[in-house]
Amino acid sequence: MAEEVKLLKTWSSLFGLRIVWALKLKGIQFDSIDEDLTNKSPLLLQYNPVYKKVPVLVHNGKSISESLVIIEYIDETWKQNPLLSQDPYEKAMARFWAKFGDDKVLSSIWSVFINQGKEQEEALQVAMENLKLLEENLKGKKFFGGEKIGFLDLALGWLANLICVLEELSDIKIIDKERFPLLLGWMQEFSQAPLINESWPPREKLLTKFQIMRENQSL
Amino acid sequence: MSGNDTTTLRWLLKKMRIRNDEQVNLIIFLQLYSLFLQPLTFFFSSEFLETMEDEVILLDFWPSMFGSRVRIALAEKGVKYEYKEEDLVNNKKSDLLLQMNPVHKTIPVLVHNGKPICESSIIVQYIDEVWKDKAPLLPSDPYQRAQAKFWVDYIDKKVNSPGRKTWCTKGEEQEAGKKEFVEIMKTLEEQLGEKPYFGGETFGFVDICLITYYCWFYSYEKFGKFSLEAECPKLIEWAKRCAQKESVFKTLPDEKKVFGFCIEMRKMFGLD
């Protein structure tokens, strides 16, 4: 039976991008459907009734939601180019840091972006502390996954692109060379890696989108 | 090395044209090796390593529904461990906790042969993967596994905050918390459907991650003034079914004790 793989996402979705990367790294053919979240399709409402959000992977008619759950599903279903280690401890570490990235790093960087003045300075302190932990994680490694791109690289991949966009718009340097040499090195290696680099959303469009979001936040 | 061995060896070394004095050195070395070093290789063999006891420590806090998840998982697997209670009422975190979970400084933390694992749902998955020969907690089919992980993620994201509001806040905030909590329980009840457990026929990952709230329902209901059984009868049936399992009833603290804890906390927060 031919595999039918569909990915519901949006053109700019950071979490959707993780799934694009995972599928491409595994060499899986898939159909991509870009949703308009202001006008959600019946397909999206059917396949993710709980959250009605993207990304959603539909594999032979069965849907899986939540990007990190989807990546693990992909890794378990298609065994080539494994993304997670077989060792339970290494797996637990990758899962822990991916959760840290989503729960703490993303929100702390967003806070820097949408705030001004003193609040922005405080937010920056928190963001730096979080990034320091990621920097330590990279010691002696090319990627978070070691020699090759793995689960944690995909989970944190949004950093490699979004940071530059946000830094440009808010005129603040979050990841500087002195404090985060390894993180900067990883950002470059990752964003230029084959299959990863061809999937970034158009930069100009992202700049516009986030500029609007920033303005809306400060209203 | 036996006399025969030595004779054979000397013959071999002579064939290799190794000088007599060097032959002697070599034979002495080999004799020493077989006496002392070779027996030590046993300690690196899998037979020995498997017989070594795992050192498992759990840092926890008795009312924590997150810590309970880990205790139930360990009980299901029959794993022996050392339990260390953290004094979180007085916010006295031990040096071990700060060392083992420097990022969040929270419980539970599982320390397995010196290596820490944090975040309860991650710990439960770790336990399932390490002690895989008994009582599987997650299904083997990738799609079913993804469903289980999705619902545990849902429980992690959604249940705690409104649950907490029902006993830890007043007025409008409490009302809103109660409403949201009931809605979430209804969603979970719908997901359970007619199955005996969330995983189907057997008690598993999702059941473990939700059942630990069961001993808190009494407090939520008392302070929030509602009845979960009236709102979600099938869910309460499920909870009672789970509570009959030894791993569950031996782990969960008594609901009245939890209620007493809530009263103490409310006083500390100045709510009463």
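Bear in mind the structure is a predicted one, so any value in this text is a computation, not a measurement.

A. Molecular detail of the overall build of chain B. Scanning chain B for helices and strands turns up 15 helices and 4 strands. Relative to the 2.2 N^0.38 estimate, which gives 19 Å for 272 residues, the radius of gyration of chain B is 28 Å and therefore markedly larger than a compact globule would have. When contacts within chain B are restricted to residue pairs at least 6 apart in sequence, long-range pairs at least 24 apart make up 67% of them. By element, 54% of the accessible surface of chain B is carried by carbon and sulfur atoms, the whole surface being about 14,700 Å². The average position of the 38 basic charges and that of the 41 acidic charges among the side chains of chain B differ by 2 Å.

B. Region of interest: the sheet that holds strand 2 (residues 82–85) of chain B. Residues and elements named next belong to chain B. With respect to topology, 4 strands assemble into an open sheet ordered 2-1-3-4, the strand pairing being mixed. Only two strands of the sheet have a single neighbouring strand rather than two, namely strand 2 and strand 4 (115–118). Strand after strand, the sheet turns through a mean of 20° between neighbouring axes, direction not considered.

C. Up close: the interface of chain A and chain B. If you look at the interface, chain A gives 24 residues, while chain B gives 24 residues. With both sides pooled, the region where chain A packs onto chain B buries about 2,200 Å², and carbon together with sulfur makes up 68% of that total. Our count for the chain A to chain B interface comes out at 7 salt bridges. The salt bridge partner of E119 of chain B is K99 of chain A, with a shortest N-O separation of 3.0 Å. Connecting chain A to chain B are 8 residue pairs in polar contact (both at pLDDT 80 or more). It is helix 4 (residues 88–114) of chain A that provides the largest number of residues to the side of chain A that touches chain B, a total of 11 residues. Counted by class, the side of chain A that touches chain B contains 13 nonpolar, 3 polar and 8 charged residues.

D. Representation of the pairing of strand 1 (residues 56–60) of chain B. Residue and element names in this part refer to chain B. Burial analysis of strand 1 places 5 of its 5 residues in the buried class, the great majority of the element. By the alternation rule, side chains of strand 1 split into V56, L58 and D60 and I57 and L59, which are all buried. Two strands pair when backbone bridges link them, and strand 1 and strand 2 are joined in this way by 4 bridges, in the parallel orientation. Residue pairing for strand 2: I57 is matched across the bridge by E82.

E. Representation of the sheet that holds strand 2 (residues 31–34) of chain A. Residue and element names in this part refer to chain A. Strand order in the open sheet made by the 4 strands is 2-1-3-4, with mixed pairing throughout. Edge positions in the sheet fall to strand 2 and strand 4 (62–65), since each of these pairs with one other strand and no more. Sheet twist, expressed as the mean angle between neighbouring strand axes with direction ignored, is 20°. Pairing of strand 1 (residues 5–9) with strand 3 (residues 56–59), which is carried by 4 bridges, proceeds in the antiparallel orientation. Bridge pairing in strand 3 places K6 opposite V58. Lying on the sheet, helix 1 (residues 14–25) is in contact with strand 1 and strand 3; it crosses strand 1 at an angle near 155°.

F. Examining the pattern of salt bridges more closely. Enumeration according to the criterion identifies 32 salt bridges over all chains in this entry. Its salt-bridge partner being E22 of chain B, residue R19 of chain B comes within 3.8 Å of it at the nearest N-O pair. Note on E22 of chain B: relative accessible area 38%, which makes it partly exposed. With a closest N to O distance of 2.8 Å, D156 of chain B and R69 of chain B form a salt bridge. Of this pair, D156 of chain B sits in helix 7 (residues 142–158) while R69 of chain B sits in helix 4 (residues 65–77); the two residues are 87 residues apart in sequence, bridging distant segments of the chain. For R69 of chain B, a relative accessible area of 0% gives the class buried. If you follow the salt bridges from partner to partner, you end up with E72, E76, K91 and R95 of chain A together with E129, R145 and K149 of chain B in one network.

Thresholds, definitions, all that
- Residues numbered from 1 in each chain as written.
- Chains lettered and ligands numbered in written order.
- Predicted model: local features only at pLDDT ≥ 70, side-chain atom pairs only at ≥ 80, totals over all residues.
- Heavy atoms only, no water.
- Helix = DSSP H or I, 4+ residues; strand = E, 2+ residues; numbered from the N terminus.
- Rg over C-alpha atoms; globule rule 2.2 N^0.38 Å.
- Contact = heavy atoms within 4.5 Å.
- Areas by Shrake-Rupley, 256 points an atom, 1.4 Å probe, with all protein chains shown as cover.
- Lys, Arg positive; Asp, Glu negative; His and termini not counted.
- Charge placed at Lys NZ, Arg CZ, Asp CG, Glu CD.
- Pairing = 2+ DSSP bridges.
- Axes fitted to C-alpha atoms, helices over the stretch in contact; angles between N-to-C directions.
- Buried area = accessible area lost by both parts, 1.4 Å probe.
- Salt bridge = Lys/Arg side-chain N within 4 Å of Asp/Glu carboxyl O.
- Polar contact = N/O pair within 3.5 Å; in protein donor to acceptor, adjacent residues only side chain to side chain.
- Nonpolar A, V, L, I, M, F, W, Y, C, P; charged D, E, K, R; others polar.
- Buried < 20%, exposed > 50% of the residue type's maximum accessible area, 1.4 Å probe, protein only.

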